[in-house]
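Residues per chain, in single letters:
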Amino acid sequence: MAEAAPQHLALPSGLLELCALLGPSRDSLRGLEQVSLKQGVSSPSSLDPEVLSVFVPPFVSKEDSQTAGAPSATLSKTRRRSFRKKRDKPKTEPWKGLPPEDISVPNGVDLLALPQLCFPGGMYVASEPKEDCVHFLVLTDVCGNRTYAVVAQYYRPLQDESCFYNGKAHWEPSWPTAGMAGCFVPFAVCVVSKLPYYNALKDCLSCLLTHLKLCKDFEVDNHIKDFAAKLSLIPSPPPGPLHLIFNMKPLQIVFPSRADPESPVIDLDLHLPLLCFRPEKVLQILTCLLTEQRVVFFSSSWALLPLVAECFLAYLHPLQWQHTFVPVLSRQMLDFVMAPTSFLMGCHLDYFEEVSKEADGLILINIDNGSVTCSSDEDVDVPDIPLLAAQTFTQRVQSLQLHHELDLAHQGASTDLNGERARRRAWQRRLNCQVQQVALQLLFSVFREVKNHLNYEHRVFNSEEFLKTRAPGDQQFYRQVLDTYMFHSFLKARLSRRMDAFAQMDLHTQSEEDRLNGTLASPRRPTIEKMAPWKSSLLHVTHRRMVVSMPNLQDIAVPELPARNSSLRKVDAADYGSGSIVVSVTPKPTYTFKIPEIHFPLVSQCVQAYYSDCVALLSKAMSLLAPDNSALLARYFYLRGAVHLMHGQLLDALLDFQSLYKTDIRIFPADLVRRTVASLSGPQRAQAERVPELRRLISEVVDKPGEAPKPDDRVKNFELPKKHMQLDDFVKRVQESGIVKDTNIIHRLFEALTVGHQKQIDPETFKDFYNCWKEAEAEAQEVSLPLSVVEHLDKNEYVYKLSSSVKTNRGVGKIAMTQKRLFLLTEGRPGYVEISTFRNIEEVRSTTVAFLLLRIPTLRIKMAAKKEVFEANLKTECDLWYLMVKEMWAGKKLAEDHKDPQYIQQALTHVLLMDAVVGTLQSPGAIYAASKLSYFDKMKNEMPTAFPKTTSETLKHKINPSAGETLPHAVDVLLYTPGHLDPAEKVADAHPKLWCALNEGKVTVFDASSWTIHQHCFKVGTSKLNCMAMAEQSQVWAGSEDSVIYILNVHSMSCNKQLTDHRSGVTGLAVQHGTPSKVYSCSADGTVLAWNVSSLRVTSRFQLPGGRLSSISLHDGHLWCCTGNSIVVVTSSGLLCQELKISENFKETSASFLSFQLLPEQEQLWTACAGLDSIYVWSLKDLTQRPQRVHLQDCSEVSCMIRVKKQIWVGGTGLSQGKSKGKIYVIDAEKKTVEKELVAHMDTSLD
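Residue positions are given per chain, counted from 1 along the sequence in the order it is written. Totals for whole chains, interfaces and linings use all residues, but because this is a predicted model, local features are given only for residues with pLDDT of at least 70 and pairs of side-chain atoms are given and counted only at 80 or more. Side-chain numbers here rest on the full set of heavy atoms in the structure, without hydrogens or water.

1. Points about the overall build of the protein
Line of reasoning, step 1. A tally of helices and strands in the protein yields 35 helices and 51 strands.
Line of reasoning, step 2. Here's how the labels work: a residue is buried when its accessible area is under 20% of the maximum for its type, exposed when over 50%, partly exposed in between, all with a 1.4 Å probe on protein chains only. Classification of the 1247 residues of the protein by burial places 54% in the buried group.
Line of reasoning, step 3. Methods summary: accessible areas were calculated by the Shrake-Rupley approach with a probe of 1.4 Å, and residue burial reflects only the protein chains presented. Entry remark: accessible area of the protein is about 55600 Å², with carbon and sulfur atoms responsible for 51%. Strands here mean DSSP runs of E at least two residues long; helices mean DSSP runs of H or I at least four residues long; both are numbered from the N terminus.

Here it is, written out as structure tokens:
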């Protein structure tokens, strides 16, 4: 398999991009040496640094490979991979940082700027030995891609021409003795990597320096080259729990992986800013970054500048800094701070005064003394972060244990260097997790409610409505943040439903109410419980009263408020109370893989041996893994595939990458696999086509047509329409506004707003309607109920509508409507007077009563349990309240008849739309127009009995998996999974669940104990799902029309594994429990596969002739397969045992088997046939006997059939009250008679 790869294949890079040696030029050293011999060094001398040597992987020449006789993808380069500035020529024009043509420098590395960045404070000769020092760099190319560098500076003595790079002199290994005129010259080694391995590369360079100080001149390049070669051969660890360890004597170096594909690599101490700044200063700096200010860090330590800046960027994750990032500016680069756009830079503290005077509008952050100031006389307009979030953040930071020494107090002294380092890393990792959690909780509290103002279908964010929900004191902060590139990218990620750290926290902290509210068709209102914090806030009420301003307006007039401290405020921790919020985060378990030793000299045989050792160690580690540890297994597959690729074994690499489908599809390197497949030679491609797994992989990445154009991922801000709207455009605009999603409801709204007019809506009407809706929404949130009233209401009740103050036969007050009841909020001393729940209403009438010479419109409500009739003189509001109460009454009745509470939610939507329509039109015909929305009232009158009595008595609950969608979707598959207790689950997750597969791979999961939505519409591929089965307690398998079996994790409700061995749509799944558990799957082309559930490997396969395989079932150790023309009984290996042919039993030529059910207790086979109106029952003892027929009255077509205890339920289409409707026939399995006919579906019963 090890055929050489074509040269155009870009192989995965190791950790190293480039390594360089930098120091003074030869000419400057010669002059310095002469001065030193005559005078000695009395003061530091300045030198000009330059690049002396460059080392770029790979480090084995073509000649080496040919000599070794081992062709390899990585060893066939013809370029020279290292450069050392020539030393045997007389003085010529300096090189000026440009490498020879046969050296290719990675993109993003500017060798012209590298010397001054490696010596940012200048290069000075020292008169006495100095300690080695390390600092860090971030290099950015023109496309904004970042690479990271670690620089180690060290000093060597200048003696007797020993510092000349002339091939003759040598380094003196010992320091000069006392009394000699010392002259110590600085040099630097710079390592550049694509990943920010600050700590790991710092440790690597520390190991290198111990060797460089003792080696001779002609050995320096070889030592650095060997060092660079080691790093270049170490693969980058994939995202997940596997870290790499490499022995860089005398230290064990750890290269941590990123936590998941959406997270950055964290290889630094995230608590550094918390040691340098008080919590309130940390918040100020985060605010400056969130509002994209021009920020400059200062420190007397070059190393702290990038580390502290990187920590702050890590705090912002998953938000990402989009602008210039140069954490180290040399003296020559100070003019960069004059840039007019946003940036994040770092300077030495010596330049603080100069920068502050030369540039205006900068945020100057002094790391050394923890101060934050502005560079101009006038303060930069930096707002405060929201107060509640700031207080909580401060408390959490104060609860962190930031000092490792306190953790060591109880431990004895360590005599093992690497052991002590490992304990320090473990402590730092725990602290890093806590710091990340605190920062994420801050961002989450600031931006959590953004999702309430997003429209996912049209990718719209209603920024003005979001701003109106913010506290007045926080308005300035949000206004500035909402205009940033950072926030815009954050919105893109939300609308694309990216499952990053923010989304995961949202999912884990979501309450049952939040989960339910996210899917309701009706608008959200604050519950009685949630309104409590608002009641005492007059400022909030004042603010809510002005929310009728339009989204197109640029400014909102905010009332004058007591000023909070400016952006440089000092927060008193005592104001937060004495309580402390302790952050307790347990890091996820991690594993390590030790990279084998790399043997030198670096020739082809040694590199090949290294690759072979890597593969052998990875294979051994995989063989020792428990079968259920798929996450770690996936990382081993990824690493082994990368090593195979570097080794030139392309087919082996593709096999390992293909295994990621079964272990963790999230880390599948799609682009690398695509390029690898494209680079296969003719013989390799032919060999790959003979391997089924590779043939499928190649078809996925090559043979399929090109990917569809990337959809428009722009985020639109909601604006009012400026043109007349036809129906389709009106639907889109209403959905974008966030008022209503349901297309059918919007159609009714369109009819209401266009009664008596041309069927189009002008912009002014839409603006009036939008205003009325938002004003009513604001009024509902202003409602402040006294405690004596709240006690009578449920915690989850909403106040949707309040009348004006009216006279009733129970006193004067306002009529309040919730989703459950009507009550009177009496005036004077506020009190609660029950009017009626909607369930108890018997009659609603709109009439008039005489008062002097007037007839006053009055609403009369008669209750079933009371003789007294409620009367309210609603005057001009009477007709509207009459419509609203009748619609709510009808919605409640339908909800109870249909056992579906969502009728109440839709009725509430109709009611609120009626209110907005009347407020919009304000004409004599407004009530008639609003009556177009009395949908359920008309339905109740047209259908006095929703269901036949039998259906109503049998029906327990009705659910709508399409709730929250714009249109209803057909249910393709249903799966019930029983509840079980699992320590890995939350209590709610252990409940039984109902899984509903909708069109295009959407899956909605219901909690089957409460029938609330547990998980709303997550995607499983893009094709129709044909079958689902619970393979084990933590896995649900779903077979798709696209031939893939998707494995769903029942804890995370995500799909990270796929089985791709079928070549046609997967139509059936059958589970065989045991040790080990097995799953049999079948596809439409007649293929049957047997899977080991633990290893996800195919243990056997066979093919049934004829195809058309639609379902599969297990009974008595045999597989029963429905192929349309017959039902075939085979052994688990595919040997035919029996066959029941439809042609031998039915005369109808169009008949075919649709589905079947086995009843082992009765030894019966029940079958449903397409095109027939009956169910046929065979005896399992003898399939040759004629079957018994169970006739289904008024059935025109059978769709599906399931077993429920001792009954068979058959779904199909039949006649009910003269109309074709979905019917369910309940058949007694013993008597073989139809017990009930249930009519609860308006269309065909599909599953």
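That covers the picture; the talk isn't over yet.
2. A closer look at the sheet that holds strand β34 (residues 1045–1049)
Line of reasoning, step 1. Think of it this way: DSSP has to see at least two bridges between two strands before they count as a pair. Read from one edge of the open sheet, four strands run β32-β33-β34-β35, paired in antiparallel fashion. A strand with exactly one partner marks an edge of an open sheet, and here the two such strands are β32 (1025–1032) and β35 (1054–1059). Between one strand axis and the next, the sheet turns through 25 degrees on average, direction left out of account.
Line of reasoning, step 2. In terms of strand pairing, β34 meets β35 through five bridges, oriented antiparallel. Looking across to β35, one finds that Leu1048 is bridged to Cys1055. Fitting a line to C-alpha atoms yields each axis, with helices limited to the stretch in contact; the angle taken between N-to-C directions then spans 0 to 180 degrees.

3. Re the pairing of strand β33 (residues 1035–1040)
Line of reasoning, step 1. Taking burial as the measure, the six residues of β33 include six buried ones, the bulk of the element.
Line of reasoning, step 2. Burial along β33 is two-sided: Gln1035, Trp1037 and Gly1039 facing one way and Val1036, Ala1038 and Ser1040 facing the other are all buried.
Line of reasoning, step 3. Two elements, β32 and β33, share six bridges in a ladder whose sense is antiparallel. Paired with Ala1029 across the strands is Trp1037, a residue of β33.
Line of reasoning, step 4. Here β32 folds back onto β33, and the loop between the two strands holds two residues.
Line of reasoning, step 5. The sheet contact formed by β33 and β34 spans five bridges and is antiparallel. By the bridge assignment for β34, Gly1039 is matched with Ile1045.
Line of reasoning, step 6. Hairpin connection between β33 and β34: a loop of four residues separates the two successive antiparallel strands, and Ser1043 in this loop has a positive phi of roughly 80 degrees.

4. Topic: the side chain of Asp203
Line of reasoning, step 1. Considering the arrangement of structural elements, one finds Asp203 in helix α4 (residues 198–212).
Line of reasoning, step 2. With residues up to four places along the chain from it excluded, the contact list for Asp203 reads Leu251, Ile253 and Arg421. Contacts are assigned to residue pairs that have any heavy atoms within 4.5 Å of one another.

5. Thoughts on helix α16 (residues 501–508)
Line of reasoning, step 1. Those residues of α16 that sit buried are Phe502, Ala503, Met505 and Asp506. Seen end-on, α16 carries its buried residues on one side only, within an arc spanning 160 degrees.
Line of reasoning, step 2. On its buried face, α16 sits against α12 (417–447) and α15 (485–495).
Line of reasoning, step 3. The opening residue of α16 is Asp500, an N-cap whose side-chain oxygen sits 3.2 Å from the backbone nitrogen of Phe502. To be clear, the arc concerns the directions from the helix axis to the C-beta atoms. Two N or O atoms form a polar contact when they lie within 3.5 Å of each other; inside protein one atom must be a possible hydrogen donor and the other a possible acceptor, and for residues adjacent in sequence the pair counts only when both atoms belong to side chains.

6. Some words on the confidence of the model for the protein
Line of reasoning, step 1. Per residue, pLDDT measures the predictor's confidence, with a range of 0 to 100. When pLDDT is averaged along the protein, the result is 82; 82% of the residues meet or exceed 70.
Line of reasoning, step 2. Here residues 1–7 is modelled with pLDDT under 50, and outside its nearest four sequence neighbours on either side it reaches 19 contacts, counting other chains as well.
Line of reasoning, step 3. Within the model, the stretch residues 86–98 combines pLDDT values under 50 with 17 contacts to residues more than four positions away or in other chains.

7. Regarding unusual backbone geometry
Line of reasoning, step 1. Along the chain, Lys249 connects to Pro250 via a cis peptide bond; the corresponding omega equals 10 degrees.
Line of reasoning, step 2. Look at the link from His317 to Pro318: it is a cis peptide, with omega at 15 degrees.
Line of reasoning, step 3. Structurally, the position occupied by Pro318 is in the loop between α8 (304–316) and β12 (324–326).
Line of reasoning, step 4. The residue Gln922 is not glycine, and still its phi comes out positive at about 45 degrees.
Line of reasoning, step 5. Structurally, Gln922 can be placed in the loop between α32 (902–921) and α33 (926–930).
Line of reasoning, step 6. Take Gln922: its relative accessible area is 68%, and that puts it in the exposed class.
Line of reasoning, step 7. Residues other than glycine seldom take positive phi values, yet Met1053 does so here, at roughly 55 degrees.
Line of reasoning, step 8. Owing to a relative accessible area of 6%, Met1053 belongs among the buried residues under this scheme.

8. Points about the sheet that holds strand β37 (residues 1078–1083)
Adjacent strands of a sheet pair through backbone hydrogen bonds, lying either parallel or antiparallel.
Line of reasoning, step 1. Strand order across the open sheet formed by four strands is β36-β37-β38-β39, with antiparallel pairing between neighbours. The outermost strands of the open sheet, each flanked by one partner alone, are β36 (1066–1072) and β39 (1097–1103). Each neighbouring strand pair of the sheet contributes to a mean axis angle of 20 degrees, computed without reference to strand direction.
Line of reasoning, step 2. Judged from the five bridges that link them, β37 and strand β38 (residues 1087–1092) form a sheet pairing that is antiparallel. Each residue of the ladder has a partner; that of Cys1082, found in β38, is Val1088.

9. Examining the pairing of strand β9 (residues 242–248)
Line of reasoning, step 1. With seven of its seven residues buried, β9 lies for the most part within the structure.
Line of reasoning, step 2. The two faces of β9 match: Leu242, Leu244, Phe246 and Met248 on one face and His243, Ile245 and Asn247 on the other face are all buried.
Line of reasoning, step 3. Alignment of β9 against strand β18 (residues 591–594), held across four bridges, turns out to be parallel. Directly across from His243, in β18, lies its bridge partner Thr592.

10. A short note on the packing of aromatic side chains
The geometry of an aromatic ring pair comes down to the distance between the two centres and the angle between the two planes.
Line of reasoning, step 1. Centres within 6.5 Å make a pair out of two Phe, Tyr or Trp rings, where for Trp the six-membered ring is used; the pair is then stacked when the planes are under 30 degrees apart, edge-to-face when over 60, and tilted otherwise. Summed over the entire model, instances satisfying the criterion amount to 30 aromatic pairs.
Line of reasoning, step 2. Ring geometry for Tyr610 and Tyr611: centres 5.6 Å apart, planes at 50 degrees, overall tilted. For the residue pair Tyr610 and Tyr611, the accessibility class agrees, reading buried in each case.
Line of reasoning, step 3. Put simply, the rings of Phe444, Phe447, Phe461, Phe466, Phe477, Tyr478, Phe487, Phe490 and Phe502 touch in pairs and so form one group of aromatic residues.
Line of reasoning, step 4. Distance and angle both matter: a charge sits over a ring if NZ of Lys or CZ of Arg is within 6 Å of the ring centre and within 35 degrees of the ring normal. Just above the ring of Tyr456 sits the side chain of Arg497; from NZ or CZ to the centre is 4.0 Å.
Line of reasoning, step 5. Lys940 extends its terminal NZ or CZ atom over the ring of Trp889, reaching a point 3.6 Å from the ring centre.

11. A look at the side chain of Ser1077
Line of reasoning, step 1. One can find Ser1077 in the loop between β36 and β37.
Line of reasoning, step 2. Given the relative accessible area of 16%, Ser1077 is considered buried.
Line of reasoning, step 3. Polar contacts involving the side chain of Ser1077 include one to the main-chain carbonyl oxygen of Gly1074, which spans 3.1 Å.
Line of reasoning, step 4. Ignoring any residue separated from it by four or fewer positions in sequence, one finds Ser1077 in contact with Gln1072, Trp1091, Asn1092 and Val1093.

12. Considering the packing of helix α27 (residues 727–737) against helix α29 (residues 763–782)
Line of reasoning, step 1. Viewed as axis vectors pointing N to C, α27 and α29 meet at an angle of 30 degrees, and their least axial separation amounts to 12 Å. Relative to α29, α27 is oriented roughly parallel. Handedness of the crossing formed by α27 with α29: right-handed. On the side of α27, the interface is formed by Phe730, Arg733, Val734 and Ser737, while α29 contributes Phe766, Tyr770 and Lys774.
Line of reasoning, step 2. Looking at side-chain class alone, the contact of α27 with α29 contains four nonpolar, one polar and two charged residues. Each angle receives one of four descriptions, namely roughly parallel if under 35 degrees, roughly antiparallel if over 145, roughly perpendicular if within 65 to 115, and oblique otherwise. By the definition used in this description, the sense in which the near helix is turned from the far one sets the handedness, with an anticlockwise turn below a right angle giving left-handed and a clockwise turn giving right-handed. Only Asp, Glu, Lys and Arg are considered charged in this grouping, and only Ala, Val, Leu, Ile, Met, Phe, Trp, Tyr, Cys and Pro are considered nonpolar; every other residue, Gly among them, is considered polar.

13. Considerations on the nonpolar core
Line of reasoning, step 1. Here, nonpolar core refers to any group of buried Ala, Val, Leu, Ile, Met, Phe, Trp, Tyr and Cys residues whose side-chain atoms link them within 4.5 Å. Counting residues in hydrophobic clusters, the biggest one holds 203 residues, and the most contacted among them are Leu231, Phe255, Leu290, Phe297, Phe312, Tyr315 and Phe447.
Line of reasoning, step 2. Looking at this core element by element, the count peaks at 11 residues for α12.
Line of reasoning, step 3. Apart from the residues lying within four places of it in its own chain, the contact partners of Tyr315 are Leu270, His271, Pro273, Leu274, Val282, Leu286, Val435, Ala439 and Leu443.

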